[in-house]
Amino acid sequence: MANRICPICFGKVSVTAPVVHSDGLDCPHCGRNLELSRPSRLLASLVGLLGAAVAFHYASLTMADILDLREWFLPAVASILVFGIVSPLFLLLNADLVVKPDAPAEPISATPAHGHGAHH
């Protein structure tokens, strides 16, 4: 995987730019609109979920003898925090950029057909 390289001009993009602006960022060299590739997004989510599962397991083991709210609350909080930390860290190391497809110029509006107005 090419890490943080513009596919058009092969210029390097900063380390934090793909994480902060994952849905759309401009190449600092050629100005093209870029985004994270689908494999990068899916792998970051998978690695984050795996880290969250490991954190939930270990937090559940440490809270097994406590019979109050902390027994289920702390493992859930730990897994959410680990997911929120591990996914961006993975993207800092392995962000692959692609050219963002152009959006349509005008949104298609639903107009009623002739003769189907509100007056009868």
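Data block above holds the structure.
Predicted model, so just to flag it, every value in this text is computed and none were measured.

Some words on the overall build of the protein chain
Inference 1: A tally of helices and strands in the protein chain yields 3 helices and 3 strands.
Inference 2: Secondary structure elements of the protein chain, listed N to C terminal, follow the sequence α-β-β-α-α-β.
Inference 3: Buried positions account for 23% of the 120 residues belonging to the protein chain.
Inference 4: A sequence separation of at least 24 residues applies to 60% of the contacts in the protein chain between residues at least 6 apart.
Inference 5: For the protein chain, the accessible surface area stands at approximately 8600 Å², while carbon and sulfur atoms represent 67% of it.

Thoughts on the pairing of strand 2 (residues 33-36)
Inference 1: Two elements, strand 1 (residues 25-26) and strand 2, share 2 bridges in a ladder whose sense is antiparallel. Considered in strand 2, the bridge of Asp 26 is made with Asn 33.
Inference 2: Hairpin connection, strand 1 to strand 2: the antiparallel pair is bridged by 6 residues, and Gly 31 has positive phi, about 85 degrees.
Inference 3: Here 3 bridges tie strand 2 to strand 3 (residues 97-99), and the two strands are oriented antiparallel to one another. Its bridge partner being in strand 3, Glu 35 is matched across the sheet by Val 98.

Quick notes on the environment of Leu 89
Inference 1: If you trace the backbone, Leu 89 turns up in helix 3 (residues 70-93).
Inference 2: Given the relative accessible area of 48%, Leu 89 is considered partly exposed.
Inference 3: C-alpha separation for the pair Leu 89 and Gly 48, spaced 41 residues apart in sequence, amounts to 9.2 Å.

So, how was this worked out
Residues numbered from 1 in each chain as written. Predicted model: local features only at pLDDT ≥ 70, side-chain atom pairs only at ≥ 80, totals over all residues. Heavy atoms only, no water. Helix = DSSP H or I, 4+ residues; strand = E, 2+ residues; numbered from the N terminus. Buried < 20%, exposed > 50% of the residue type's maximum accessible area, 1.4 Å probe, protein only. Contact = heavy atoms within 4.5 Å. Areas by Shrake-Rupley, 256 points an atom, 1.4 Å probe, with all protein chains shown as cover. Pairing = 2+ DSSP bridges.

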